[in-house]
Amino acid sequence: MKAFILSSFLLLFCLKSQAQSKITLKGFVKDKGQQAIVGANLVFISDTNSYTAVSDEAGEYAIKLPVGFYTIDISFIGFVMQNLNNDLQINTSLNFILEKESSSLKEVVILSNSKKMLSISSGNSLTFIPEKLTSVPSIMGVPDIIKLLQLTPGVQNSGDANGYLYVRGSDPGHNLMLYAATPVYGMAHLLGVFPFYNADHVQEVQFDKSNSNARNGGRLSATVAVSPTNKIPTDFLVKGSLGLLASQATIAIPINTKMGLYLSGRKTYIDEIIAPLFDSSEKNKNSDTKDLKYSFGDGNLTFIAAISKKHLFTVDAFVSVDVLGIADSNLALNANLKWSNMAVSPTWKYQFSKGAVMTNSVYFTQYENNLSMEQASAQLNISSYVKDFGFSSAVKYTINNILFETGLQYSTYELQPQKIDVSNLSASTIKQQPIINKANNLAIYTAAKPQLSNKWFAELGLRINYYSSNQGKTTYLRAEPRLLLNYIPHQNSSFFASYTRQNQYLNLITTSSVGIPTDFWIATSDGIPAQSSNEFSVGYNQKIKKQFDFSLNTFYRTMNNLIEYPYGVTQFNEITTFKNDVLVGKGESYGLEWMLKKDSGKFKGWLSYTLSWSNRQFDQINDGERYFAKYDRRHNLAIVGTYDLNLKWNFGITQIYSSGNRFTTPTSWYFINNNPVKEYGKYNNAQMPNYIRTDLSVNYYFIKTRDKESALNFSVFNTFNIENPIYTVLNVAIDEDKQKIEVTPERKTLYSILPSISWRFKF
C-alpha cells in the first residue's frame, strides 16, 4: 500500500512538473501612437532552440514556450529592433512598444543594424520602404520603385525604352501590379524614363517573385503590391521635390484625431527643358527623340478614418495621364498618343476580436490608350481600354496559434482590345467594329501559416477560380495550390522550398519592341485559351556577422498557352479576328539568383546576380522548334551602394550589366528577278550589345530632422555616356547594276547621359 501511494505521488509530481514545463506567453506589439504593428517578428532564443511568433492584425501574439531563460528580439521594418533578456517561468504577458527609425537621432539611424534598405523573406519575396532608398540614383532624385526592382535578383533589366518588369523569364503582362490592393494595367511613364509611382505617397512595397500568397492570383508570375500610407496624420506636413525634369508634392492634412487626408501630385515639363537639349545635340543623331512633345501628370489621394477602435475606413485613389506628340514636317507626319490610368478603392476593416479582422473592399480601375496619326491625307486612329470592377472580402484569424486568412474575390471585366479607324488610305476607308470582351472571375482562397516544429514552418494556400466569358460560352474552373516550407536551424540561416500553380485569364498583347503604350489587353474566350504555369524554387538565406545578408535561390518555371500576336500595332483587315490571329505556344525558364546585402555602417547596399534561361515554342514560329525569348538575357548583374560621409553629405551609385535582348535579323540577301530578297534563319537569332549603365547621385542636406528636411540632389543617369541601343534598323543600299547589296545596321538609342538636379523638402 505504501508503495502504491508513493508511486502515485511520484506520478502526480511528474505530471505536474511536465504540465509546468511549458508556459504561455502573450501580449501585443504597438508603436508609440498605440497603433498595432501587424506582422512584427518575435524571436525567443534559449540555449538550445529558438522559437518564433508573429503579431496578428490586432498587433497581438501568443506562443507556448518551455520554461527557461530567453533572449527576445522584436523587429519590424521601419522600426528600431528591441532586444531583451527574460527568465520565463510562469504564464505571463509581455507588451512591446517599438520606436520608428526616423524618430531616432541621426547618429543612431546610421549605426542601427535594423535600418534595412531591403528586407528579404525566407522565400521568394522582399519588402522595402521607398523612403529609405532616397540615396539610390534616379532621374527625378526620388526613389523609382520599378527601377529598384530591376536591381534585384530574378528581374531582367528591360533597357532604356521599357518600363515593364520581366521576372524569371516571364512576359510583362504576367505580373500582378497592385496599388492599394487594386490592379493597375498601365505601368509606365514615357517608356519607363520617369518613375511610375509617386514614392512620397507610398508606405511600403512588397515583391513576391513566385506569387506564393493565395490571396493574389490571375497572373503567371510575380506580384508587386504597392501600399499607400495608412497612418492618420497627426500634424500638417508638406513634402516633395522640385527638379529640372519634373516636380512633385505630398500634403498630409489631419482633419481631427480620428481622420486624416493625404494628397499628392506630380507634373513634368520635359518639353520645355529636355527637348531643346536633344534637338541641339549632335552626338544624339541616332536618337529618336527629336520633335518629341511629352508631358505627364498624376495624382494620389488617401483618406483615413478610424471610426472607432474596431472600425477603420480608407479610400485610396490614383489617376495618371500621359501625352506624347511627334511631328515631322519633312514626312508630313503628325502623331499623338495618349494613355491614362484611374483606380479608386474604398476599404473597411472591422476587428471582430483580438485575433480576428475582416477586410472588405470595392475597387474600380481603368486603363486606356489612344493613338491618332495623320500623314499627308491619310488618317489613322487606334484605341483600346480595359475596365475592371471588383469586390473582395477577407478574414484573418488565429486558431491554436496558427494564422489563417480566408477570402472571396469577384471581378467583372470589360475590354476593348483595338478599335481601328483608317480613312483616305488608297481611296478607301476602314471602320472596324469595336470588339468588346466581357468576362467575370470568382475566386475563393484560404491560407495558413502553421509552425510544424521548433525549426520547421510552412505557408499553405489554396485558391479556386471560376472564370466565365463570351456570355458563358467559355468557362474555366481551376485550383491553384501554393506551398512554402521553411527550415530554420538557427537564427542566422534558413532554407526554403516552394511550389506555385497559377492561371491567367487576361492577356497583355505587346505590339512594339520598345514598350510604346499601344499595347492592349484581351480576355480569354473562344480560341484564346487560359494561360497556366508551374514554378518550383529552393533557396538559402544566411546572415553573416550581423552586417551582411546572403541569399541564394534557384527556380524552374513552365508556362502553357502563351499568347503571341505577330502583326505589330495593327492588322488592316476588316474580316480578321483575334481568334485567327493570335498564336498559342508554351515557354520554359530556369535560373540561379544570389544577392549579398549590407544594411549597417556608413556604407550600405547590395550586389545581385541572375543567371537564367528563357525559351518559347510556337508551332507557327521557327518551324515549331524552341527559340530564345526576347528577354532571354543570360547574365544580369547589379551593384547598388550608398555612403553616408557625414550628417550633410551622402552618395549613391548603381552599376548595371546585362546581356543584350534577342531579336530576329536576316541571315542573307540575294536577287530574284532583279528584286532583293532577304532570308531569315532561326527566330531571335541575333542579340543586342551588352547593356552597361552607371548612375551616380549626391545628396547635400541643409536640414534633416524627424519632421523637416531640405536637401539638394544631383543625379547623373548613364554617367559614362554609353550608347545602349533600343533597336536596330537595317539600311539597305543596292548598286545601279543590282549586283550587290550592302546592309548597314543602324542602332537607335533613346538618350545617352542625362544629368538632373532637384530639391527635396519636408516641413
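Described below are features of the structure shown in this document. (Residues numbered from 1 in each chain as written. Predicted model: local features only at pLDDT ≥ 70, side-chain atom pairs only at ≥ 80, totals over all residues. Heavy atoms only, no water.)

Further remarks concern the sheet that holds strand 15 (residues 202–208). Taken together, the six strands give an open sheet; going across it, the order is 9-10-15-16-13-14, and neighbouring strands pair in mixed fashion. For this open sheet the edge positions go to strand 9 (119–120) and strand 14 (182–183), each flanked by a neighbour on one side alone. As paired elements, strand 9 and strand 10 (residues 125–128) share two bridges and run antiparallel to each other. Residue pairing in the sheet places Ser119 in a bridge with Thr127 of strand 10. (Pairing = 2+ DSSP bridges. Helix = DSSP H or I, 4+ residues; strand = E, 2+ residues; numbered from the N terminus.)

Topologically, Trp456 is positioned in strand 28 (residues 456–469). When its relative accessible area of 39% is taken as the criterion, Trp456 is described as partly exposed. Taking the C-alpha atoms as reference, Trp456 lies 9.8 Å from Ser494; in sequence the two are 38 residues apart. Trp456 has contacts with Gln451, Asn486 and Tyr487, leaving out every residue within four places of it along the chain. (Buried < 20%, exposed > 50% of the residue type's maximum accessible area, 1.4 Å probe, protein only. Contact = heavy atoms within 4.5 Å.)

In terms of burial, strand 16 (residues 223–228) is largely enclosed, as five of its six residues are buried. Sheet analysis places strand 13 (residues 176–179) next to strand 16, joined by four bridges and oriented parallel. Bridge pairing in strand 16 links Tyr179 to Val226. As paired elements, strand 15 and strand 16 share six bridges and run antiparallel to each other. Opposite Asp208, over in strand 16, you have Thr223 as the bridge partner.

Moving on to the packing of aromatic side chains. All told, the structure shown has 31 aromatic pairs when counted by the stated rule. Taking the centre distance of 5.5 Å and the plane angle of 45° together, the rings of Tyr179 and Phe318 count as tilted. Here Tyr179 is found in strand 13, whereas its partner Phe318 is found in strand 21 (residues 311–328), with 139 residues between them in sequence. What makes Tyr179 buried here is its relative accessible area of 2%. Pairing Trp594 with Tyr609 gives two aromatic rings, centres 6.3 Å apart and planes at 45°, and the pair type is tilted. Residue Trp594 is located in strand 35 (residues 583–598), and its partner Tyr609 is located in strand 36 (residues 603–618); the two are separated by 15 residues in the primary sequence. Its relative accessible area of 25% is what places Trp594 among the partly exposed residues. Given the relative accessible area of 18%, Tyr609 is considered buried. (Phe/Tyr/Trp six-rings, centres within 6.5 Å; stacked < 30°, edge-to-face > 60°.)

What follows is about the sheet that holds strand 6 (residues 82–88). Pairing is antiparallel in the open sheet, where four strands are placed in the order 3-2-5-6. Where the open sheet ends on each side, the last strands, each with one partner, are strand 3 (50–54) and strand 6. Geometrically, the sheet is characterised by an average inter-axis angle of 20° between neighbouring strands, direction not taken into account. (Axes fitted to C-alpha atoms, helices over the stretch in contact; angles between N-to-C directions.)

Inspection of every chain in the model, using the stated rule, returns 19 salt bridges. Among the ionic pairs, Arg634 bridges to Asp632, the shortest N-O distance being 3.0 Å. The class of Arg634 is buried, set by a relative accessible area of 14%. Notably, a salt bridge pairs Asp695 with Arg693, separated by 2.9 Å at the nearest N-O pair. (Salt bridge = Lys/Arg side-chain N within 4 Å of Asp/Glu carboxyl O.)

Our focus in this paragraph is a nonpolar patch on the surface. Side chains of Val362, Phe389, Phe391, Leu408, Tyr410, Leu442, Ile444, Leu462, Ile464, Tyr466 and Leu477 sit close together on the surface and give an oily, nonpolar patch of about 920 Å² of accessible area. For the nonpolar patch, the secondary-structure elements that each account for two or more residues are strand 24 (378–399), strand 25 (402–425), strand 27 (437–449) and strand 28. The greatest single-element share of the nonpolar patch, amounting to three residues, is contributed by strand 28. Within the fold, Phe389 resides in strand 24. (Patch = residues over 30% accessible without salt bridge, like charges linked within 9 Å, V, L, I, M, F, W, Y side chains within 5 Å. Areas by Shrake-Rupley, 256 points an atom, 1.4 Å probe, with all protein chains shown as cover.)

One finds Phe128, Phe194 and Tyr197 to be the most contacted residues of the largest nonpolar core, which totals 73 residues. Excluding residues that lie within four positions of it along the chain, Tyr197 makes contacts with Ile145, Ile146, Met177, Leu178, Tyr179, Val184, Val226 and Arg266. If you look at the next biggest cluster of nonpolar residues, it comprises 20 residues, including Leu25, Tyr51, Ala53 and Leu98. (Core = buried A, V, L, I, M, F, W, Y, C linked by side-chain atoms within 4.5 Å.)

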